[in-house]
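Coordinate inspection notes
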2 protein chains.
Amino acid sequence: MKSSSLCPRFEKCAEVISKRWNVLIIHQLLGDSQRFCSIESAIPISGRLLSERLKELEQEGIVNREVYPQTPVRIEYSLTEKGRALEPIIREMEQWSQEWIEVEA
Amino acid sequence: MKSSSLCPRFEKCAEVISKRWNVLIIHQLLGDSQRFCSIESAIPISGRLLSERLKELEQEGIVNREVYPQTPVRIEYSLTEKGRALEPIIREMEQWSQEWIEVEA
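Residues numbered from 1 in each chain as written. Chains lettered and ligands numbered in written order. Predicted model: local features only at pLDDT ≥ 70, side-chain atom pairs only at ≥ 80, totals over all residues. Heavy atoms only, no water.

**Observations concerning the side chain of His27 of chain B**
Residue position: His27 of chain B is located in helix 2 (residues 22–29). Separated by 2.9 Å, the side chains of His27 of chain B and Glu94 of chain B make a polar contact. When sequence neighbours within four positions are dropped, the list of residues in contact with His27 of chain B reads Leu6 and Phe10 of chain A together with Ile90 and Glu94 of chain B. (Helix = DSSP H or I, 4+ residues; strand = E, 2+ residues; numbered from the N terminus. Polar contact = N/O pair within 3.5 Å; in protein donor to acceptor, adjacent residues only side chain to side chain. Contact = heavy atoms within 4.5 Å.)

Below, the structure written as structure tokens:
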């Protein structure tokens, strides 16, 4: 594969944003920290794939996973500062979609 | 697959943005209209896949394909008004990547 003239930082951002479901997961977590099941019910994604994506986003430093040691144990996902800084991208996407995407009535 | 509570417009935008290479192709075309070979040399993508993505983006009304009837025929790709309206998303991605992505020195 030939090398590209693109900025490696931008390429990495595109890689994170372009990974299927990441945008919808980040969009979902912009509201507040959430449990796995509430993210899963809001997005048409399988539990296995959601778990995989959350792990990757955690490794990227975009998502924080908080374990509350109670019975049964409670786990909540939230955006880190780095994750929250993605909000302007998501808001511009919302704006574009309102202006340019038609949906069947 | 269960239905989701997401805005269908936003989901469609996420689908376009999340399709691998679309962000890099759109980023490339924000400069000026370009020929296939110059897009291909700027992005680490195969010719076959680039051709597929350009066709999809054309069908989405995001890319315009202009054929100049000369010999040999010249084909140029450019962003439509709908495509150019994606610029704020790309610029926010550039900004985020400069602030939050570290690259090996």
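Structure shown, so let's carry the discussion forward.
**Re the packing of helix 2 (residues 22–29) of chain A against helix 1 (residues 8–18) of chain B**
In a packed pair of helices, the relevant descriptors are the angle between the two axes and the axis-to-axis distance. The interhelical angle for the contact between helix 2 of chain A and helix 1 of chain B, taken along N-to-C directions, is 135 degrees, at an axis separation of 9 Å. As the angle between them shows, helix 2 of chain A and helix 1 of chain B are arranged oblique. Contact residues: helix 2 of chain A offers Val23, Leu24 and His27 of chain A, while helix 1 of chain B offers Phe10, Glu11, Ala14 and Ser18 of chain B. When the residues that make up the contact of helix 2 of chain A with helix 1 of chain B are grouped by side-chain class, the tally is four nonpolar, two polar and one charged. (Axes fitted to C-alpha atoms, helices over the stretch in contact; angles between N-to-C directions. Parallel < 35°, antiparallel > 145°, perpendicular 65-115°, else oblique. Nonpolar A, V, L, I, M, F, W, Y, C, P; charged D, E, K, R; others polar.)

**Topic: the interface of chain B and chain A**
Taken residue by residue, the interface counts 44 residues in chain B and 44 residues in chain A. Of all residues in chain B, Arg9, Phe10 and Trp96 of chain B bury the most surface against chain A, accounting for 18% of the area lost on that side. Counting across the interface, chain B meets chain A through zero salt bridges. The interface formed by chain B and chain A contains four residue pairs in polar contact (both at pLDDT 80 or more). If you list the elements that add at least two residues to the side of chain B that touches chain A, you get helix 1, helix 2, helix 3 (36–42), helix 5 (81–84) and helix 6 (87–100) of chain B. Counted by class, the side of chain B that touches chain A contains 25 nonpolar, nine polar and 10 charged residues. (Buried area = accessible area lost by both parts, 1.4 Å probe. Salt bridge = Lys/Arg side-chain N within 4 Å of Asp/Glu carboxyl O.)

**Remarks on helix 4 (residues 47–59) of chain B**
Between its terminal C-alpha atoms helix 4 of chain B stretches 18 Å, which fits the 18 Å expected from 13 residues at 1.5 Å a residue. On its buried face, helix 4 of chain B sits against helix 1, helix 2, helix 3, strand 2 (63–68) and strand 3 (74–79) of chain B. (Expected span 1.5 Å × (residues − 1).)

**A look at the packing of aromatic side chains**
Tallying each qualifying case throughout the model produces zero aromatic pairs over all chains. Seen from the ring of Tyr68 of chain A, Arg74 of chain A lies directly overhead, with NZ or CZ sitting 4.3 Å from the centre. (Phe/Tyr/Trp six-rings, centres within 6.5 Å; stacked < 30°, edge-to-face > 60°. Lys NZ or Arg CZ within 6 Å of the ring centre and 35° of its normal.)

**Some remarks on the relation of the copies chain B and chain A**
When chain B is fitted to chain A, the best match, at an RMSD of 0.0 Å, comes from turning it 180 degrees and sliding it 0.0 Å along the axis. The operation mapping one copy onto its partner corresponds to a two-fold rotation axis. Within chain B, the C-alpha atom positioned nearest to the axis of rotation is that of Ser18 of chain B, 1.9 Å from it. Same-surface contact between copies: 100% of interface residues of chain B are shared with the interface of chain A. (Least-squares fit on C-alpha atoms with pLDDT ≥ 70 in both.)

**What about the side chain of Ser18 of chain B?**
For Ser18 of chain B, the position within the fold is in helix 1. For Ser18 of chain B, a relative accessible area of 11% translates into the label buried. Dropping the residues within four chain positions of it, Ser18 of chain B is found in contact with Ile17, Ser18, Arg20 and Val23 of chain A. (Buried < 20%, exposed > 50% of the residue type's maximum accessible area, 1.4 Å probe, protein only.)

**Examining the environment of Lys19 of chain B**
Residues and elements named next belong to chain B. Inspection of the secondary structure puts Lys19 in the loop between helix 1 and helix 2. Judged by its relative accessible area of 36%, Lys19 is partly exposed. With residues up to four places along the chain from it excluded, the contact list for Lys19 reads Arg53 and Glu56. A distance of 3.5 Å separates a polar atom in the side chain of Lys19 from a polar atom in the side chain of Glu56.

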